[in-house]
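Per-entry structural report
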Amino acid sequence: MRQFTYLTPKTLDEAISLHVAHGESARYVAGGTDVLVKIKEGKFAPDYLISLKHIIGQDRPFLNQETGELYIGAFCTHGSIEQSPLVQHHYPIIHDAVKNIGSVQIRNVATIGGNLVNAVPSADGAIPLIVLDSKANIYGTKGQRSVDLQRFFLGPGQCDLEAGEILTEIVIPPPLPRTGSAYIKHGRREAMELPMLGVGVLLCLEEDMTTCAKARICLGVAAPTPFRALAAEKYLKGKTVDENNLTEAGRLAGQESKVRDSIRGVAWYRREMVGVLVKRMGLKALERAKERHK
Amino acid sequence: MAHEISFIFNGNAMKMNIEDHWTLLHLIREELGYTGTKEGCGSGECGACTVIVDDKAVNSCLYLAAEIDGKQLTTIEGLAAADGTLHPIQKSFVEKGGIQCGFCSPGMILSAKALLDKTPNASEIDIKEAIAGNLCRCTGYVQIIDSIKAVSGYGEDEPHVVAFKTDEGERGE
C-alpha cells in the first residue's frame, strides 16, 4: 500500500489543526474500511491519515438526561450501535439498519459517521436517522454547527462538509408517544450486499391509536441522495392507518421517487418494490407503535 | 514513518517497530511470518484474512497495524495447544468435513471462535450471521455450519466450547 503518516489526535481541535497544517495532503479516517480500500485502489493518495478513532468520548451512544435526546457519536462502530440496549429499546429502526451493514468484521470497525460522510445513495445508516428527524453536529475551524441530517446530503458522494470539518455526532429527538418505525434493506441476497432499495417508515398515531398524526417515509437508492416521499407522507396524515391507505401511500412514494436502472436493479422493479415495502414497513411501524403503547 | 508498538500476539507479549502504512495482514504474514492468515480480496469482502482483536473478529486487510498497539491479537496459529491438540472448533471442522481446499478455514474458524466466545449457545441463525462475511469458494457452507453447530451448546444445558484465555495461558478444553 502507498506510504503515509498515520496521526492519532486525542481531541477534535488537535485533529482540525493537523488538517489545517497538512491541507490537501491529509485525509480523515475513522474505521478505515472505505478509506483503506480507496487508497489501495489508488482513488485516494494522502500523505497523512488523521485518525478520528482516538478522540475521546464519541465512541458510544448515550442519552442526554435533560433533553431526552439520543446522541450517537460519529465514531461509534455499527457493532456498538447494533448492541446498544438504548438503540434496541427506543429506536429499533436504527437497529434494523445497522445489523445488516457489511459483515460482523466490518461492523466491528466501520463507523456510522464514515457511512454518512461517504454520502453514497445506498447508505443504509442514513435512512432511519432521517426518518427520526435527526440532526448532524459538525465541528470545524469556525466552531460547531448543526444541520438537519436530511439537508446534509448534497449529491452522490457529496455532503455538507467544508474542508477540514468533522461530523462529530448525530442527535436524535426523544421518541414520540404512540409511535413506531421500521426499516428494510432490500437486495438479492441477505448477506454482504448493498441495498437495491432501502425503505424507512415512521408513523405517529393520534390517541385513538388508528389515525396517523405524523408520517415519515424515507427511501434509499431511490434518488441521488436519501429521498423523503413527501406526497406519500402528506397523504397519510389524518387518515386511518390500514392496508388500503398504506397501499396508496406506497404507490404515491413509488411515483414520486427518482429510481433508475442500475447494475443492481431496474427502475420499474424498484418503483414496484417501493410500493410493496412502504406498505410492509408501515404495517410493521403500526405494530411497533401498538406494542410500545401497551 | 516508523514507530514502536506493543501488543499480545497469540498469548505472547510483543514489541516491534512498524511502518504507519502497514496493514495488520502485512504485519502478520510478511513481518511475523505467520501465513495461516490468508489474503483473498484485500477489500473486506471475503473474510479470508479474519483475525481476532480484543475478542472481536476483524478483517486484517483493512486494519492498520498501528491500531493493534496495546491490544490482543489472535490468529489461527494461536488456537491449538502447545502440544498440537486442536481447539474444539478446529477438531469439529476436521470431523464434520468443514474443510475442503482450506483457504477460507482460518477465517471461518476465527469468526466462529469470536461468536462462540461471546455466545456459547449460538443458534444456526447466529452462526450464519457470524460467517456472513466469510466466503467459501468450494461452497461447503452446510458442512461449515454443521461444524460450528456441533460445538455450540444451543438447545443443550452445557456449551461444548470452553473459551480460551490466551492471556492467562489457559488452553484446551
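Residues numbered from 1 in each chain as written. Chains lettered and ligands numbered in written order. Predicted model: local features only at pLDDT ≥ 70, side-chain atom pairs only at ≥ 80, totals over all residues. Heavy atoms only, no water.

**Points about the interface of chain B and chain A**
Taken together, the contact pairs 27 residues of chain B with 25 residues of chain A. Taken as a group, His21, Leu62 and Glu67 of chain B account for 30% of the area that chain B buries against chain A, more than any other trio of residues on that side. Applying the counting criterion to the chain B and chain A interface returns 1 salt bridge. The partner of Lys53 of chain A in a salt bridge is Glu67 of chain B, and the shortest N-O contact between them spans 3.9 Å. Residues belonging to the side of chain B that touches chain A are distributed by class as follows: 10 nonpolar, 11 polar and 6 charged. (Contact = heavy atoms within 4.5 Å. Buried area = accessible area lost by both parts, 1.4 Å probe. Salt bridge = Lys/Arg side-chain N within 4 Å of Asp/Glu carboxyl O. Nonpolar A, V, L, I, M, F, W, Y, C, P; charged D, E, K, R; others polar.)

**A few points about the sheet that holds strand S14 (residues 227-228) of chain A**
All names here are of chain A. The 4 strands are arranged S11-S12-S13-S14 in an open sheet whose pairing can be described as antiparallel. Lying at the two open borders of the sheet, with one neighbouring strand each, are strand S11 (179-186) and S14. Where strand S12 (residues 197-205) lies against strand S13 (residues 212-220), 8 bridges are found, and the strand directions are antiparallel. Within the sheet, the bridge partner assigned to Leu203 lies in S13 and is Ala215. (Pairing = 2+ DSSP bridges. Helix = DSSP H or I, 4+ residues; strand = E, 2+ residues; numbered from the N terminus.)

**Things to note about the packing of helix H3 (residues 105-118) of chain B against helix H5 (residues 141-151) of chain B**
Residues and elements named next belong to chain B. At a closest axis distance of 11 Å, the pairing of H3 and H5 adopts a crossing angle of 35°. Crossing handedness for the pair H3 and H5: right-handed. On H5, the residues touching Met108, Ala112 and Leu116 of H3 are Tyr141, Ile144, Ile148 and Val151. Tallied by class, the residues present in the contact of H3 with H5 amount to 7 nonpolar, no polar and no charged. (Axes fitted to C-alpha atoms, helices over the stretch in contact; angles between N-to-C directions. Left-handed = near helix turned anticlockwise from the far one by under 90°.)

**Describing the side chain of Glu169 of chain A**
All names here are of chain A. Position of Glu169 among the secondary structure elements: in strand S10 (residues 166-172). Within the buried set, Glu169 has no salt-bridge partner at all; the shortest N-O distance to an opposite charge, 12 Å, is to Arg60. In this structure Glu169 touches Gln58, Tyr71, Ile72, Gly73, Ala74, Lys135, Ala136 and Asn137, once residues within four positions along its chain are discounted. (Buried < 20%, exposed > 50% of the residue type's maximum accessible area, 1.4 Å probe, protein only. Lys, Arg positive; Asp, Glu negative; His and termini not counted.)

**A word on the domain arrangement of chain B**
Residues and elements named next belong to chain B. Parsing chain B into structural domains produces domain 1 (2-78) and domain 2 (88-168). One C-alpha centre belongs to domain 1, the other to domain 2; they are set 21 Å apart. Taking both sides of the interface into account, the surface hidden between domain 1 and domain 2 amounts to around 1400 Å²; carbon and sulfur atoms contribute 63%. Looking only at domain 1, the three residues that lose the most surface to domain 2 are Thr50, Ile52 and Ile76, adding up to 33% of its buried area. If you look at where domain 1 meets domain 2, you find 0 salt bridges. (Domains from an automatic or database assignment.)

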